[in-house]
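Breakdown of the fold
In case you want the letters, here they are:
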Amino acid sequence: GTPTVSESPLHPRRVSRRIMVGPVPVGGGAPISVQSMTNTPTTDINATLQQIAELAAAGCDIVRVAVPSQDDADALPIIVRKSPIPVIADIHFQSRYVFQAIDAGCAAVRVNPGNIRKFDEVGPSICRAAEDAGISLRIGVNAGSLDKDLYARYGGPTPEALVASALKEAHMFEDVGFHDFKISVKHHDPVTMVETYRLLASKGDWPLHLGVTEAGPAWQGTIKSCLAFGALLAEGIGDTIRVSLSASPVEEVKVGCKILEYLGLRQRHFDIISCPSCGRAQVDVIQLANEVTEGLKDITAPIRVAVMGCIVNGPGEAREADLGVASGNGKGQIIIKGKVVKTVPEDQIVPTLLETARQIAGEMEEL
Ligand code: SF4
C-alpha cells in the first residue's frame, strides 16, 4: 500500500508546505496518503490493533483513533507501539489528553485550538510539546460543529464560514509560532466541500486533508467522495485523503486507494476491464466479471484483466489488457497481451483466467 506516485498526470500539485505524520510526509509534493479512523472503542486495545492491521493491509497509510476519555488516552502507548502505521489521536476539549498523546508517541494529534479549554494558557505549551516531539497537528473544521458566531454571521456552514473558521484556528497556532499542521474543512455536500477547499487553498500553503464528512452509507458515500476528491485532486488540491462511510473503515481505505489509483496518483494494483454486455453477449459477462474480480482481489501486481462478452469487440478491447477473454459460441478465447493463446470451453474460462493471471502477476512481481 505504499504510495509511489506524487504527480498527477491531470494537473500540477498545489504547492503546500510539508509536514510529517511519523514517517509519512504530507504536503510539499509527497505522494497523497490514505487515512482512515478506527471504529472500535480505543480502550479495547486488541480490537483496535486488529482493525489497524486490517486497514494497513488494505493500503491505509495513517490511522486515527478517537480519544474521548482518560481510559482511551491510557490505551495510546500500546496502540502506538504495536501499530504498523502512524497513529493520530483525535482529541476534543481536553488539553491533558493532547499531552498524553504526545507522550505516547502518537505521530500527530487532531485538535482544534478553538475547542481546547483555556487555549490562551495551554496553547503555547501544547505547541512546544508537539515541536519537541517532532509531531504535527491537524485542525479539523466540520460543517456540523461550526461555531455559533460564524454560523450566524454567514447564515450557515457556507464555504466562506468554514474557511473563516479554519483561518481563525490556524492563526491561533501561528500566533504561538507553530506551523506544522494540516487543515481539513469538511462538509457533507460534495459541491460545498469542493468550493470550501478551493477557497482555503487560495489562502495559504497549509497541507490539506480532504474529506466529505458524514457522506452516508458505502454506495452514496463512495460516489460523493469520488466526485469531490476527484474534482479537487484533478486541480492538484489535496495532500492526504479520508473517505468517510457509514461502513467498515476497511471499505473507506479501499475506496480511497482506488480513487488515487484511478487518478494516476498511486500505483495501480489488480484492475478489471469488463464490458457491460449487450444483446451480442454469448456468456454471462456480469457473473464472469464478478468471479474473476473475487478470485483476484488479493493480487497486488498491477495486472489488468479484460472480460469481454463476444468476439466482435472482445479481442480488440482485450488487447490493452495483460490478459483477457473474448467469449462466443460456448467457448472463450484466452488472450495474453493481445494474442489469442488458446480457446477453452465456457466452464473453463474462470479457472483458466485465474490461473493465468496469477502466473502473470508472479512474473511481474519477480521483476
Ligand atoms: Fe456487447 Fe461484445 Fe461489446 Fe460486450 S464486448 S458490450 S458483448 S459488443
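These numbers come from a predicted model, not from an experiment. (Residues numbered from 1 in each chain as written. Predicted model: local features only at pLDDT ≥ 70, side-chain atom pairs only at ≥ 80, totals over all residues. Heavy atoms only, no water.)

1. Overview of the overall build of the chain
The line we're drawing: Counting from the N terminus, the helices are the DSSP runs of H or I reaching at least four residues and the strands are the DSSP runs of E reaching at least two. Whether a residue is buried, partly exposed or exposed follows from its accessible area with a 1.4 Å probe, protein chains only, as a fraction of its type maximum: under 20%, in between, or over 50%, in that order. For this analysis, residues touch if any pair of their heavy atoms sits within 4.5 Å. We get accessible surface area from the Shrake-Rupley algorithm with a probe of 1.4 Å; when it comes to residues, only the shown protein chains can shield them.
If you tally the helices and strands in the chain, you get 12 helices and 15 strands. Viewed in the frame of its principal axes, the chain has a C-alpha envelope of about 75 × 45 × 35 Å. Across the 367 residues of the chain, 51% fall into the buried class. Sequence-distant contacts, at least 24 apart, represent 64% of the contacts inside the chain between residues at least 6 apart. Summing over all exposed atoms, the chain offers an accessible surface of approximately 16100 Å²; the carbon and sulfur share of this is 53%.

2. Concerning the sheet that holds strand β14 (residues 331-336)
Test applied: One requirement defines pairing of two strands: DSSP has to find at least two bridges between them. In this analysis an axis means a line fitted to C-alpha atoms, helices contributing only their contacting stretch, and an angle means the value between N-to-C directions, from 0 to 180 degrees.
As summarised here, the arrangement of the 5 strands in space is β11-β12-β13-β14-β15, forming an open sheet in which the pairing is mixed. Taken across any chain shown, the strands that pair with only one partner, and hence form the sheet edges, are β11 (271-274) and β15 (339-345). Direction aside, the axes of adjacent strands within the sheet are offset by 20° on average. Summarising the sheet, β11 and strand β12 (residues 304-308) pair through 4 bridges and their orientation is parallel. In the strand pairing of β12, S274 is matched with V307.

3. A look at the UniProt feature "binding site: [4Fe-4S] cluster" (unreviewed entry) in the chain
What counts is decided by this rule: UniProt positions are given in the numbering used here, feature names are shortened, and annotations may be inferred rather than shown by experiment.
According to UniProt, the positions carrying the feature "binding site: [4Fe-4S] cluster" (unreviewed entry) are C275, C278, C310 and E317. Excluding residues within four positions of it along the chain, C275 makes contact with V285, V307, M308, G309 and E317. Mapped onto the elements of the fold, C278 is located in the loop between β11 and α10 (285-295).

4. Considerations on the sheet that holds strand β7 (residues 136-142)
Pairing in this open sheet of 8 strands is parallel, and the strands run β8-β7-β6-β5-β4-β3-β10-β9 from one edge to the other. Both edges of this open sheet fall to β8 (181-186) and β9 (209-210), since each of them pairs with a single strand only. Here strand β3 (residues 33-37) runs beside strand β10 (residues 240-242); their pairing, made up of 3 bridges, is parallel. The residue of β10 that forms the bridge with Q35 is R242. Where helix α9 (residues 249-262) meets the sheet, its contacts fall on β3 and β10, and the angle it forms with β3 comes to roughly 165°.

5. Focus on the confidence of the model for the chain
Rules: Residue-level confidence of the predictor is what pLDDT reports, using numbers from 0 through 100.
On average, residues of the chain carry a pLDDT of 93, and 99% of them reach 70 or more. In the model output, the complex is listed with pTM 0.92 alongside ipTM 0.99.

6. Re unusual backbone geometry
The backbone of E214 shows a phi angle near 45°, a positive value even though the residue is not glycine. Mapped onto the elements of the fold, E214 is located in the loop between β9 and α8 (218-234). Of note in this structure, S277 is not a glycine but carries a positive phi near 70°. Summarising the element assignment, S277 is placed in the loop between β11 and α10.

7. Some words on the layout of surface pockets
Heads up, the condition is: Detection works on a 1 Å grid of protein atoms alone, calling trapped sets that fit a 1.4 Å probe cavities and calling open sets with protein on both sides within 12 Å along at least five of seven lines pockets, with lining residues defined by an atom within 4 Å of a point. Grid points are joined across faces, edges and corners, and a volume is the space filled by probe spheres set on the points. Charged means Asp, Glu, Lys or Arg here, nonpolar means Ala, Val, Leu, Ile, Met, Phe, Trp, Tyr, Cys or Pro, and polar covers whatever is left, Gly included.
By volume, the second largest pocket is sized at about 560 Å³. As for the second largest pocket, its lining consists of 31 residues, and the residues nearest its centre are R110, N112, G140, N142 and S145. Where the lining of the second largest pocket is concerned, the elements lending two or more residues are β7 and α6 (159-175). Within the lining of the second largest pocket, the residues separate by chemical class into 10 nonpolar, 12 polar and 9 charged.

8. Comments concerning the packing of α6 against helix α7 (residues 190-201)
Our working definition: Small angles under 35 degrees read as roughly parallel and large ones over 145 as roughly antiparallel, with 65 to 115 read as roughly perpendicular and the rest as oblique. Put simply, a crossing is left-handed when the front helix is turned counterclockwise from the back one by less than a right angle, and right-handed when it is turned clockwise.
With their axes 9 Å apart at the nearest point, α6 and α7 run at an angle of 45° to one another. Our classification of the angle between α6 and α7 gives oblique. Seen from above, α6 lies across α7 with right-handed handedness. Residues P159, E160, L162, V163, A166 and L167 of α6 touch α7, and the partners they reach there are T192, E195, T196, L199 and L200. For the contact of α6 with α7, the class distribution of residues is 7 nonpolar, 2 polar and 2 charged.

9. Looking at the pattern of salt bridges
Let me state the cut-off plainly: For this analysis, a salt bridge means a side-chain nitrogen from Lys or Arg found within 4 Å of a carboxyl oxygen belonging to Asp or Glu.
Applying the stated criterion to the full structure yields 16 salt bridges. Between D239 and R13 there is a salt bridge, with its nearest N and O atoms 3.2 Å apart. Of this pair, D239 sits in the loop between α8 and β10 while R13 sits in the segment before β1 (19-21), and the two are 226 residues apart along the sequence. We note a salt bridge from D205 to R17, for which the minimum N-O separation is 3.1 Å. On the criterion of sequence distance, the pair formed by D205 in the loop between α7 and β9 and R17 in the segment before β1 is long-range, its members being 188 residues apart.

10. Here we look at the nonpolar core
We count it as follows: We define the nonpolar core as a collection of buried residues of types Ala, Val, Leu, Ile, Met, Phe, Trp, Tyr and Cys that are connected through side-chain atoms lying within 4.5 Å of one another.
I183, F229 and L233 are the most contacted members of the largest nonpolar core, which totals 77 residues. Among the elements that make up this core, the one with the highest residue count is α6 (8 residues). Residues I303, A321, A326 and L353 belong to the second largest nonpolar core, which totals 28 residues.

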